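Observations on the model geometry
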Amino acid sequence: MPSTAVIGLQWGDEGKGKIIDSLAAEADMVVRFAGGHNAGHTVHVGSEKYVLHLIPGGILHSGKTNLIGRGLVVDLAALLAEIDGLEERGVPVMERLRIDGRAHLIFPFHAQLDGLAETQRGSGKIGTTGRGIGPAYADKVARSGLRLSDALCADTFAARLQALVEEKNTLLQGIYGQSAIDGQQLLEQTLEQVECLRSIVVDGGACVRQAYAEGQRILFEGAQGAMLDLDGGTYPYVTSSWTGLAGIAGGAGFPPNRIDRALAVSKAYCTRVGEGPFPSELHDATGERLREQGNEYGATTGRPRRCGWFDAVQTRYACAWNGLDGVFLTNLDVLSGFEQLQVCVAYRLPDGRETTEFPGHLGALDQVQPVYKSLPGWQEDITGATSLAELPPTCQEYVAFLEEQMQTPIVSLSVGPGREQLFSCSPQAAPAWAKS
Ligand code: GDP
Ligand code: IMO
Ligand code: MG
């Protein structure tokens with residue numbers, strides 16, 4: 001009765017969409033547990049490219065249930081547009097999708113407040129996706145947020161939405177000098193949107209626990225990455241949810257001691273979108289080359305991603321606090337053609353000492369210098385490889401070095417965006433259904 005979790009190991013965009021889509025072939029249920037439409041998960045099927053934002057990555061497979069868990073914040077307009085876009089391409093989304101009624105709603109004023117807060121932060125801005133994620137989670141924590149199931153009951157919802165609108169109008173008009181929200185129009189629009197989804201609203205936690213008890217194979221799909229986790233990440237340059245493994249308990253309503261395998265996805269180098277510390281970032285032509293070879297532009301906002309070498313201090317930290325059983329290493333093909341590759345193995349502190357531990361506070365992280373180990377690269381195109389043995393020796397050595405540094409097995413290698421460009425490389429550690 002396997003349940004498998006897959007999270008991002010770095011700052012997001014590690015290739016989770018591709019890995020989830022591949023693993024979903026052997027799963028019965030795919031469950032998102034955190035975030036919102038700040039996520040952009042790319043899946044390539046043949047010549048078709050799909051970018052999923054809220055909808056779980058099992059949606060392209062028939063016979064799978066895809067659940068938007070209670071830990072998400074959902075912008076109904078964005079969800080309906082995503083559903084429509086996929087349905088137009090022939091994907092029967094409404095048959096395959098369920099959404100937990102406990103999921104919180106993102107309203108248009110949340111996105112507006114997200115933008116205003118960023119402007120207010122000035123040079124200290126976070127570089128959010130502008131989707132209203134932070135303000136919606138803030139309302140949830142403040143206990144003034146509204147959930148999808150609240151909107152199913154029009155009478156009580158109207159009064160609660162009105163109270164929230166009044167609170168936001170005080171802020172928007174009084175502090176930011178903006179015009180007031182039209183509460184009545186927002187109510188009508190929301191009720192209309194909710195009607196389109198009523199038939200697929202469920203008690204998600206009950207569904208996933210029941211499915212697990214029946215022996216179904218559950219796949220938990222992480223969004224963002226460990227370093228964007230509200231508690232474990234590079235706060236305050238993080239997102240507003242628990243993107244690590246622990247997010248599954250709250251965000252899916254699934255007991256943490258029933259997660260049978262904990263896996264993560266990491267790029268063979270490192271990227272980050274938005275502001276915040278990134279010790280192994282490259283500001284030179286090599287960083288530019290990684291961006292171009294890896295086509296590193298955000299799937300949600302189109303922003304160029306910041307690029308740098310693989311950071312073993314960061315990934316080891318993320319493996320440790322999530323108790324990971326294995327890592328999928330993606331974008332290995334992007335490193336083809338580099339003479340030498342660098343791996344950040346330690347940080348040099350301002351006083352000259354070196355540490356292999358990830359610093360606990362942001363001030364220290366801002367001031368560290370990366371200490372690199374240099375490894376020989378490879379020139380061959382590896383996009384057609386189907387096994388570890390087919391990779392050039394220096395490529396195998398690079399993978400082995402990352403594995404040793406992370407102190408966690410690398411279970412599969414991804415050598416291109418396509419579904420078929422993925423193979424298992426550590427059979428003993430891979431879940432039976434993750435083996436290619
Ligand atoms: P996610 O947010 O973790 O799902 O990742 P994104 O979809 O935002 O970004 C990952 C990008 O890398 C997408 O464009 C994928 O199609 C692409 N990708 C995934 N795996 C590989 C790989 O092994 N090699 C290459 N070259 N691209 C990959
Ligand atoms: P996937 O699931 C990369 C980043 C934003 C910003 C910070 C806070 O595709 O890996 P937010 O809008 O969440 O308040 O922004 O988090 N961020 C991501 N970066 N991939 C993502 O998702 C991200 N989701 C949020 O760029 O730095
Ligand atoms: Mg992404």
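This text follows the structure it describes.
Below or above, wherever it landed, is the structure these notes cover. (Residues numbered from 1 in each chain as written. Chains lettered and ligands numbered in written order. Predicted model: local features only at pLDDT ≥ 70, side-chain atom pairs only at ≥ 80, totals over all residues. Heavy atoms only, no water.)

1. Some details on the overall build of the protein chain
The criterion, for reference: In this description a helix means any DSSP run of H or I spanning at least four residues, a strand means any run of E spanning at least two, and both kinds are numbered starting from the N terminus. Restricting the calculation to C-alpha atoms gives the radius of gyration, and the globule rule supplies 2.2 Å times the number of residues raised to the power 0.38. Any two residues whose heavy atoms approach within 4.5 Å at even a single point are treated as in contact. The accessible surface values rely on the Shrake-Rupley method and a 1.4 Å probe; as for residues, cover is taken only from the protein chains in view. Under this rule, positive means Lys or Arg and negative means Asp or Glu; His and the chain ends count for nothing. Taken as the charge location is NZ of Lys, CZ of Arg, CG of Asp or CD of Glu.
Looking only at helices and strands, the protein chain has 14 helices and 20 strands in total. Relative to its length of 436 residues, the protein chain is compact, with a C-alpha radius of gyration of 22 Å against a globular reference of 22 Å. Along the longest, intermediate and shortest principal axes, the C-alpha atoms of the protein chain span 65 × 50 × 40 Å. Considering only contacts within the protein chain whose residues lie at least 6 apart along the sequence, 75% involve residues at least 24 apart. Surface accessibility of the protein chain: about 17000 Å² in total, with carbon and sulfur atoms responsible for 49%. Of the side-chain charges in the protein chain, 36 are positive and 51 negative, and the distance between the mean point of each set is 3 Å.

2. Some details on the environment of Gly-58
Looking at where Gly-58 falls in the secondary structure, it is placed in the loop between strand 4 (48-52) and strand 5 (65-68). For the pair Gly-58 and Phe-107, spaced 49 residues apart in sequence, the C-alpha to C-alpha distance is 27 Å. If near-sequence neighbours (up to four positions away) are discounted, Gly-58 is found in contact with Ala-24, Val-30, Lys-64 and Asn-66.

3. Some details on the site of ligand 2
Spelled out, the test is: Summary of the distance rule: residues count as near a molecule or strand when at least one heavy atom falls within 4 Å of that molecule or strand. For this analysis, a polar contact is any N or O atom pair within 3.5 Å, provided that within protein one partner can donate a hydrogen and the other can accept it, and provided that sequence-adjacent residues contribute only side-chain to side-chain pairs. Residues were grouped as follows: Ala, Val, Leu, Ile, Met, Phe, Trp, Tyr, Cys and Pro as nonpolar; Asp, Glu, Lys and Arg as charged; and all remaining residues, including Gly, as polar.
The local shell around ligand 2 holds 20 residues, among which Lys-16, His-41, Thr-129, Gln-224 and Thr-239 are the closest. The backbone of Gly-40 places a nitrogen or oxygen atom 2.9 Å from an oxygen atom of ligand 2. Val-273 places a main-chain nitrogen or oxygen 3.1 Å from an oxygen atom of ligand 2. For ligand 2, whose unbound accessible area comes to 550 Å², protein coverage reaches 98%. Tallied by class, the residues present in the shell around ligand 2 amount to seven nonpolar, 10 polar and three charged.

4. With respect to the coordination of the magnesium ion (ligand 3)
Stated precisely, the cut-off is as follows: Because no water is among the atoms considered, metal sites can look incomplete, with donors defined as N, O and S atoms within 2.8 Å of the metal, or 3.2 Å for Na, K and Ca.
Protein ligation of the magnesium ion (ligand 3) involves Asp-13 (OD) and Gly-40 (O), the donor distances falling in the range 2.0 to 2.2 Å. You can see Asp-13 sitting in the loop between strand 1 (3-8) and helix 1 (16-24) and its partner Gly-40 sitting in the loop between strand 2 (29-32) and strand 3 (41-45), a full 27 residues away along the chain.

5. Concerning the packing of aromatic side chains
Quick note on the threshold: Stacked, edge-to-face and tilted labels apply to pairs of Phe, Tyr and Trp rings (six-membered ring for Trp) whose centres lie within 6.5 Å, assigned for plane angles under 30 degrees, over 60, and everything in between, in that order. Note on classification: 1.4 Å probe, protein chains only; a residue is buried when its accessible area is under 20% of the maximum for its type, exposed when over 50%, partly exposed between these limits.
All told, the structure shown has nine aromatic pairs when counted by the stated rule. When the ring of Trp-11 is compared with that of Phe-278, the centres are 5.5 Å apart and the planes differ by 45°; the resulting orientation is tilted. A residue pair is termed long-range when its members are at least 10 positions apart, and Trp-11 in the loop between strand 1 and helix 1 and Phe-278 in the loop between strand 12 (270-272) and helix 11 (285-293) qualify at 267 residues. Taking the relative accessible area as the measure of exposure, Trp-11 reaches 3% and is therefore buried. Between the aromatic rings of Phe-220 and Phe-254, the centroid separation amounts to 4.9 Å while the plane-to-plane angle is 50°, which identifies the pairing as tilted. Here Phe-254 lies in the loop between helix 10 (247-252) and strand 11 (261-267) and Phe-220 lies in strand 10 (residues 218-221), a separation of 34 residues in the sequence.

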